[in-house]
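Geometric and topological summary
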Amino acid sequence: MPSKAATNLQGQGKNQAAFVPAAQVLTAGPAGFDVGTGRRLRLGTRKSALALAQSNWVKEEIETRWPEVHVDIVKFTTKGDKILDVPLAKVGGKGLFVKEIENALLREDADIAVHSLKDVPSEIPKGLEVSIFPCREEPRDALISRSGLRLEELPKGARIGTSSLRRIAQLKNARPDIEVVSLRGNIDTRLRKLGEGRYDAVILAAAGLRRLGLEKRIIQLLEPETMLPAVGQGALGIEFRSMDTEVRQILASIHHEDTSICVRAERAFLFRLEGGCQVPLGALARLKGETLELEVMLGDEAGTNIIRMKKQGTVDQPEALGTILGEQVLAAGGAEILREVYGAN
């Protein structure tokens, strides 16, 4: 979901305009399709401020395009929400922020679910699918520092808060002289801890900050050359039951094909590497005319062994591009990195 500030930020330099997709979201439901009178959809979501902001945006978009449809928000607490004192990499498993909501879909206690796509595993339960992707927000990570300094300006020994293995590996590779300190919690909690002086800086997804109207807190958008984002970062994935053709048609009106092409390539790379929060990996796909470019990374947590690759393909075969790059990364030493990572965990 583009933030209210997204339109104003376009065209203001490379930090703001590099990832604005070319196509626009459809603005009306498909002609001739009748969902009947008074159709209600139950939208499953987590309870955090960001999750609710994203879900309410989807609710408003659906109800605007389909006036006869009413969307009810149904809140869930996931395992990832309950465990706040341990880094997710040590918790183990996949789908820590989605499994409870997926179970509700399978029980038919919810009709659709709105996820931050970076939280969604590459394997989806049978009977469900994640195939609707609204227009992607800014995919890059953002640095927020107490002093207003950028990453390269922070002093030696500066404490940066994050628990993401992907961010840890790339931070240590870019700035081996800084100290990375574990930080969990929602955006408000992380910013509060920064304000209390526990950290000199924190790294958060820029998309979440913008969706909550906090983009003014951003000191620096980290370029992919320094900090490749997580697979699907900045994008929403809407999950629903595969057999529900009526819901599929309703959701099609907020689908964004350019975003879909990019995230499908990224998720194919994730699937080939069988990645999760235990693995320091990132990917970012970008459209350049009729060409799709995918950049990926896999590393160890120490940041001393990082494999980066970039490859171009065609827009009609995004999964093939992600799979091929996954194979190349594995052959270039990625298989050994994965053995070490999973052995350590």
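Residues numbered from 1 in each chain as written. Predicted model: local features only at pLDDT ≥ 70, side-chain atom pairs only at ≥ 80, totals over all residues. Heavy atoms only, no water.

**Comments concerning the overall build of the chain**
Here is the rule we go by: Each helix is a run of H or I in the DSSP string that is no shorter than four residues. Each strand is a run of E no shorter than two, and both are numbered from the N terminus. Burial classes follow relative accessibility: with a 1.4 Å probe on protein chains only, a residue under 20% of its type's maximum area counts as buried, one over 50% as exposed, and anything between as partly exposed. Two residues qualify as a contact provided that any one of their heavy atoms is within 4.5 Å of a heavy atom in the partner residue. Computed by Shrake-Rupley with a 1.4 Å probe, the accessible areas treat only the displayed protein chains as cover when residues are assessed.
In terms of helices and strands, the chain carries 12 helices and 13 strands. Across the 345 residues in the chain, those meeting the buried criterion constitute 53%. Taking all contacts inside the chain whose residues are at least 6 apart in sequence as the whole, residues at least 24 apart take part in 70%. Accessible surface computed for the chain: about 15000 Å², of which carbon and sulfur atoms make up 49%.

**Examining the sheet that holds strand 11 (residues 281-288)**
Here is the rule we go by: A pair of strands is treated as paired once DSSP finds two or more bridges between them. Interaxial angles span 0 to 180 degrees and are taken between N-to-C directions of axes, which are lines fitted to C-alpha atoms, for helices over the stretch in contact.
Spatially, the 3 strands line up as an open sheet ordered 11-12-13, and their pairing is antiparallel. Lying at the two open borders of the sheet, with one neighbouring strand each, are strand 11 and strand 13 (306-314). When strand polarity is set aside, the average angle formed by the axes of neighbouring strands in this sheet is 15°. Where strand 12 (residues 291-299) and strand 13 come together, 9 bridges link them in antiparallel fashion. Pairing of Leu 292 across the sheet is with Gly 313, part of strand 13. Seen against the sheet, helix 11 (residues 257-273) touches strand 11 and strand 12 and runs at an angle of roughly 150° to strand 11.

**Points about the pairing of strand 5 (residues 141-145)**
Counting buried residues along strand 5, 5 of its 5 residues qualify, which places the element largely inside the surrounding structure. Side-chain alternation along strand 5 places Asp 141, Leu 143 and Ser 145 on one buried face and Ala 142 and Ile 144 on a second face that is also buried. Two elements, strand 5 and strand 8 (residues 201-205), share 5 bridges in a ladder whose sense is antiparallel. Bridge pairing in strand 8 links Ala 142 to Leu 204.

**With respect to unusual backbone geometry**
Phi angles above zero are rare outside glycine, and Glu 108 is one such case at about 65°. Turning to its location among the elements, Glu 108 is positioned in the loop between helix 6 (99-106) and strand 3 (112-116). A residue is classified by how much of its surface remains accessible, and Glu 108, at 48% relative accessible area, is partly exposed.

**Focus on the environment of Glu 290**
By the secondary structure assignment, Glu 290 is in the loop between strand 11 and strand 12. What makes Glu 290 exposed here is its relative accessible area of 64%. In this structure, the C-alpha to C-alpha distance between Glu 290 and Val 315, residues 25 residues apart in sequence, is 6.1 Å.

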